[in-house]
Amino acid sequence: MKTVAKGAESKLMEIVGSLRSSPDGYYALHYHLSRLRPEFRSDYQIKIATNILNDLFKALDSIAFMLIDGDIILLYNGSNRALLEKAIFQLGNMVSIAFLL
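This section reports on the structure supplied with the text. (Residues numbered from 1 in each chain as written. Predicted model: local features only at pLDDT ≥ 70, side-chain atom pairs only at ≥ 80, totals over all residues. Heavy atoms only, no water.)

Let's shift gears to the pattern of salt bridges. One pass over the full model with this rule turns up two salt bridges. The partner of Lys11 in a salt bridge is Glu14, with the nearest N and O atoms 3.5 Å apart. Linking Lys11 with Glu14, this pair stays in helix 1 (residues 8-19), spanning three residues, or about one helical turn. Exposure remark for Glu14: the relative accessible area of 52% places this residue in the exposed category. Linking Arg81 and Glu85 is a salt bridge whose minimum nitrogen-to-oxygen distance equals 3.5 Å. Placement of the pair is Arg81 and Glu85 together in helix 3 (residues 81-100), with a separation of four residues, close to one helical turn. Overall, Glu85 belongs to the partly exposed group, its relative accessible area being 45%. (Salt bridge = Lys/Arg side-chain N within 4 Å of Asp/Glu carboxyl O. Helix = DSSP H or I, 4+ residues; strand = E, 2+ residues; numbered from the N terminus. Buried < 20%, exposed > 50% of the residue type's maximum accessible area, 1.4 Å probe, protein only.)

The following block contains the structure:
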């Protein structure tokens with residue numbers, strides 16, 4: 001998995017624009033970490049989220065975009081729906097725990 005932090009927004013727009021002609025097999029996940037309270041949106045928590053995604057998608061054609069507001073957008077090419085659900089579940093639990101505290 002590649003991670004893009006510097007200029008992530010413009011790089012994301014560039015890649016999405018190039019996929020318009022052939023989006024087959026691509027999925028996107030948008031993690032709204034910016035909606036978390038500031039104490040749960042530290043660089044440490046964002047790094048944990050990035051590590052979770054990296055572990056899940058390391059062997060696949062995927063790119064994680066680290067946006068300025070702390071959100072993460074993952075573009076992924078593949079057909080493993082169970083992997084997508086696992087990523088949603090794992091980061092969803094992380095966010096749910098943060099909201100409960």
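Resuming the write-up.
Looking at the secondary structure, you find Ser18 in helix 1. Residue class for Ser18 comes out partly exposed when judged on its relative accessible area of 48%. When the C-alpha atoms of Ser18 and Ile88 are compared, they prove to be 25 Å apart, with 70 residues separating the residues in sequence. A distance of 2.7 Å separates a polar side-chain atom of Ser18 from the backbone oxygen of Ile15. (Polar contact = N/O pair within 3.5 Å; in protein donor to acceptor, adjacent residues only side chain to side chain.)

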